[in-house]
Amino acid sequence: MPRATGDSTAGATSDDARTYHSFPGAHYILPADELEKESFILNVWPFTCRLSRLNRQHRLIKRAYDDKLIWAPVNPVPGSAVLDCGTGTGAWLLDLADQVPQGVQFCGIDTESRFFPPSRPDVEFITSSVTALPSEWSSKFQLVHQRLLAVALKASEWPHALLEIKRVLVPEGWAQFEEAGAEPFNWGAGPVTARFHDMMSKLNASRGHIWNVTSHIPGFLADAGFVNVRTEVRGVPLGKWAGKAGCENRDNSIDFIRAVRTPVLKVGGFGYVSTGDEFDHFVAELKDEWDNTPGSKQNFAIFSVQKPAS
Ligand SMILES: C[S@@+](CC[C@H](N)C(=O)[O-])C[C@H]1O[C@@H](n2cnc3c(N)ncnc32)[C@H](O)[C@@H]1O
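Only a predicted model underlies this, so the values are computations on that prediction, with no experimental measurement involved.

**Q** So what about the nonpolar core? Which residues, and what values?
**A** Leu83, Ile109, Trp137, Ile165 and Phe226 are the most contacted members of the largest nonpolar core, which has 33 residues in total. Every element with two or more residues in this core is listed here: β5 (81-85), β6 (105-110), β8 (141-147), α4 (158-168), β9 (169-180), α6 (217-224) and β11 (297-306). The greatest single-element share of this core, amounting to 5 residues, is contributed by α4. Setting aside anything within four residues of it in sequence, one finds Phe226 in contact with Leu162, Ile165, Lys166, Leu169, Ala175, Leu221, Val305, Gln306 and Lys307.

Dropping the structure here:
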């Protein structure tokens, strides 16, 4: 397997104290900086440790899915290989690597190398785009996983990414895609949340992305020639009304929203906000709505699909 290549940090752009990545041809909306990587203090008495927003998000999604990482009907066996596309901090991949028998090879790719943890003998991290995976990887992986690339891939890139993933799967291998925003799209029933979704739809559309990508994924998967689609939808409660878990999910979502502050303001705020203070007020209103609207939740969907035998 090729070693980690390239250093995507070299040309990263900085704005409003956040740093955005600049992998040639990639269009990721969120920052790629220390706040994404190391933003949250976890207190598990008697220990205190720092978790990245991405690692905390992994914990929250995993909890919503009964602590089960693989929903495709496949068990990685010694001698097989697993790929995680857009791996970020490698949270899903490393968690899985610690759960399966020795002898499985794990690989994480991302356009942003600054999120990578150190590689280890069974897990390596490689700088690459999911739209152009290494040519020597054809028919190599038993399982390919990809999570939360809605704000990373343009609508026009999804078909390329899915064909690349299908190419690198062994015949009858499985792919698992995880995204937020399954229909009915709902992070809460209130008017502030509805305004937030409209703003995010407009931001994503202005960049060529699809905010509610879960409603498009089944069509993309069929067009790419995948078969045996299985879908698992879960709702993650948001807000104080749902206790500790609701507060953790709310805080993670708010960190995500803060991460789009600069991209939203840069293009004028879509009529919802025009200054940083207005953006911060909007976020405070969202938090208040979720805290006080029982039933507020964020939906996630996991799609498992198989590459045909031939
Ligand atoms: C929201 S993060 C999700 C990270 C990880 N999948 C997780 O769930 O913790 C999206 C990741 O996709 C990466 N990314 C953006 N464009 C990409 C591309 N074209 N190919 C591969 N990764 C990409 C970003 O650098 C970022 O690490």
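**Q** Could you give an account of the site of the ligand, naming the residues involved and the relevant values?
**A** In the region of the ligand, 19 residues are neighbours, and Gly86, Asp110, Ser129, Val130 and Arg147 sit closest. Here Gly86 contributes a backbone N or O atom positioned 2.7 Å from a nitrogen atom of the ligand. Measuring from an oxygen atom of the ligand, one finds a side-chain N or O atom of Asp110 at 2.6 Å.

**Q** For helix α5 (residues 191-206), give the residues involved together with the corresponding values.
**A** Every α-helix winds through 3.6 residues per turn, so residues three or four apart in the chain are directed the same way. Compared with an ideal rise of 1.5 Å per residue, which puts 16 residues at 22 Å, α5 spans 23 Å between its outermost C-alpha atoms and is within 8% of the ideal. Along α5, the residues that are buried comprise Val192, Thr193, Phe196, His197, Met199, Met200, Leu203 and Asn204. Down the axis of α5, the buried set is contained in an arc of 165 degrees. They therefore lie on one face. Along α5, exposed side chains directed more than 90 degrees from the buried face belong to Pro191 and Ala205. As for α5, its buried residues are in contact with α7 (243-259), α8 (261-266) and α9 (276-291). Looking one or two residues past α5, Gly208 carries a phi angle of roughly 85 degrees, positive in sign.

**Q** Requested: an account of the packing of aromatic side chains, with residues and values cited.
**A** The full count for this structure, using the stated rule, is 8 aromatic pairs. Taking 6.2 Å as the distance between ring centres and 90 degrees as the angle between the ring planes, the aromatic pair formed by Phe196 and Trp211 counts as edge-to-face. Highlighted residues: Phe196 in helix α5 and Trp211 in the loop between α5 and α6, separated in sequence by 15 residues. Judged by relative accessible area, Phe196 falls into the buried class, the value being 0%. Trp211 gets classed as buried once you look at its relative accessible area, which sits at 10%. Their ring planes at 10 degrees and their centres at 6.1 Å tell us that Trp211 and Phe256 sit as a pair that is stacked. Remark: Phe256 occurs in helix α7 and Trp211 occurs in the loop between α5 and α6; sequence separation between them is 45 residues. One aromatic cluster is present, formed by Phe196, Trp211 and Phe256 through successive ring pairs. Here the basic side chain of Lys68 rests over the ring of Trp71, its NZ or CZ set 4.0 Å away from the ring centre. One residue, Lys140, lies across the ring of Phe141, its end atom 5.7 Å from the ring centre.

**Q** Describe α7, with residues and values.
**A** Taking 1.5 Å per residue as the helical rise, α7 with its 17 residues ought to reach 24 Å, and the 24 Å between its terminal C-alpha atoms agrees with that figure. Taken together, the buried positions of α7 are occupied by Gly246, Glu248, Asn249, Arg250, Asn252, Ser253, Ile254, Asp255, Phe256, Ile257 and Ala259.

**Q** Break down the pattern of salt bridges for me, with residues and values.
**A** A complete count under the given rule lists 19 salt bridges for this structure. Note that Glu178 is salt-bridged to Arg147, the shortest N-O span being 3.9 Å. Of this pair, Glu178 sits in strand β9 while Arg147 is found in strand β8, placing the two residues 31 residues apart along the sequence. Comparing Glu178 with Arg147, the two get one shared label, buried. For the salt bridge of Glu164 with Arg167, the shortest nitrogen-to-oxygen distance reads 2.9 Å. Of this pair, Glu164 and Arg167 both sit in helix α4, 3 residues apart, which is roughly one turn of that helix. For Glu164, a relative accessible area of 15% puts it in the buried group. Exposure remark for Arg167: the relative accessible area of 23% places this residue in the partly exposed category. Counted as one network, the salt bridges with shared partners bring together Arg59, Arg63, Lys244 and Glu248.

Cut-offs and rules
Residues numbered from 1 in each chain as written. Predicted model: local features only at pLDDT ≥ 70, side-chain atom pairs only at ≥ 80, totals over all residues. Heavy atoms only, no water. Core = buried A, V, L, I, M, F, W, Y, C linked by side-chain atoms within 4.5 Å. Buried < 20%, exposed > 50% of the residue type's maximum accessible area, 1.4 Å probe, protein only. Helix = DSSP H or I, 4+ residues; strand = E, 2+ residues; numbered from the N terminus. Contact = heavy atoms within 4.5 Å. Near = heavy atom within 4 Å. Polar contact = N/O pair within 3.5 Å; in protein donor to acceptor, adjacent residues only side chain to side chain. Expected span 1.5 Å × (residues − 1). Arc of directions from axis to C-beta. Phe/Tyr/Trp six-rings, centres within 6.5 Å; stacked < 30°, edge-to-face > 60°. Lys NZ or Arg CZ within 6 Å of the ring centre and 35° of its normal. Salt bridge = Lys/Arg side-chain N within 4 Å of Asp/Glu carboxyl O.

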